[in-house]
Amino acid sequence: MKQAVAEVLLVPYYFMAGRLRFNQKTNRLQLLCNNAGVLFVSAISRLRLKDLGNLSVPNSTFNHFVHRPGLYKSLDETAIFTIQVTRFAVHKVSSLVL
């Protein structure tokens with residue numbers, strides 16, 4: 001999965017591997033194309049995918065499955081793009097792109 005993302009997604013969208021920085025002089029965000037990398041998260045759940053119910057309807061349970069990177073990092077240390085792959089019981093896999 002990591003290799004596929006690197007080859008298919010990050011080549012045309014190389015800036016997604018960069019970082020954001022706040023420019024104090026202009027009061028604007030700047031995109032740094034520094035190839036710092038994307039965040040790849042792998043998770044395992046004891047639940048079955050069908051235990052989550054209808055996935056097209058918002059559900060408060062979904063919050064438990066979303067990795068929240070950068071809560072204690074500065075803006076220029078936080079990845080712009082995060083990919084999460086969650087393995088559910090009975091070998092179902094779900095991916096989430098943030």
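See the structure printed just above.
Quantities reported herein were computed from a predicted structural model and do not represent experimental measurements.

### A few points about the overall build of the protein chain
Scanning the protein chain from terminus to terminus reveals one helix and five strands. Along the protein chain, helices and strands appear, N-terminal first, in the series α-β-β-β-β-β. For 98 residues, the compact-globule estimate of 2.2 N^0.38 gives 13 Å, and the C-alpha radius of gyration of the protein chain, at 16 Å, exceeds that figure by more than 25%. The C-alpha extent of the protein chain, read off along each of the three principal axes, is 50 × 30 × 25 Å. Among the 98 residues that make up the protein chain, the fraction classed as buried is 21%. Counting 12 positive and 4 negative side-chain charges, the protein chain places the averaged centre of each group 5 Å from the other.

### A short note on a nonpolar patch on the surface
On the surface, Phe22, Leu29 and Leu75 cluster together to form a nonpolar patch covering roughly 280 Å² of accessible area. Tracing the sequence through the fold places leucine 75 in the loop between strand S3 (39-44) and strand S4 (82-88). Take leucine 75: its relative accessible area is 41%, and that puts it in the partly exposed class.

### Focus on the pairing of strand S2 (residues 28-32)
When strand S1 (residues 19-23) meets S2, the two strands line up antiparallel, connected through five bridges. Bridged to phenylalanine 22 within S2 is leucine 29. Between S1 and the antiparallel strand that follows it, S2, lie four residues; asparagine 27 among them carries a positive phi value of about 55°.

### Considerations on unusual backbone geometry
Residues apart from glycine generally show negative phi values, whereas peptide bonds are mostly found in trans. At asparagine 27, a residue that is not glycine, the phi angle is positive and equals roughly 55°. With respect to the element layout, asparagine 27 can be found in the loop between S1 and S2. Overall, the relative accessible area of 55% leaves asparagine 27 in the exposed class. One non-glycine residue, asparagine 35, lies in the positive phi region at around 55°. Summarising the element assignment, asparagine 35 is placed in the loop between S2 and S3. Judged by its relative accessible area of 64%, asparagine 35 is exposed.

### Some remarks on the packing of aromatic side chains
Considering all chains together, one arrives at three aromatic pairs under this definition. With centroids separated by 6.1 Å and ring planes inclined at 80°, the aromatic side chains of tyrosine 13 and phenylalanine 15 adopt a geometry described as edge-to-face. Note on tyrosine 14 and phenylalanine 15: the rings are 6.0 Å apart at their centroids and 80° apart in plane angle, and the pair reads as edge-to-face. For tyrosine 14, a relative accessible area of 52% gives the class exposed. Site record: aromatic cluster; members linked through ring pairs are Tyr13, Tyr14 and Phe15.

Rules of the game
- Residues numbered from 1 in each chain as written.
- Predicted model: local features only at pLDDT ≥ 70, side-chain atom pairs only at ≥ 80, totals over all residues.
- Heavy atoms only, no water.
- Helix = DSSP H or I, 4+ residues; strand = E, 2+ residues; numbered from the N terminus.
- Rg over C-alpha atoms; globule rule 2.2 N^0.38 Å.
- Buried < 20%, exposed > 50% of the residue type's maximum accessible area, 1.4 Å probe, protein only.
- Lys, Arg positive; Asp, Glu negative; His and termini not counted.
- Charge placed at Lys NZ, Arg CZ, Asp CG, Glu CD.
- Patch = residues over 30% accessible without salt bridge, like charges linked within 9 Å, V, L, I, M, F, W, Y side chains within 5 Å.
- Areas by Shrake-Rupley, 256 points an atom, 1.4 Å probe, with all protein chains shown as cover.
- Salt bridge = Lys/Arg side-chain N within 4 Å of Asp/Glu carboxyl O.
- Pairing = 2+ DSSP bridges.
- Phe/Tyr/Trp six-rings, centres within 6.5 Å; stacked < 30°, edge-to-face > 60°.

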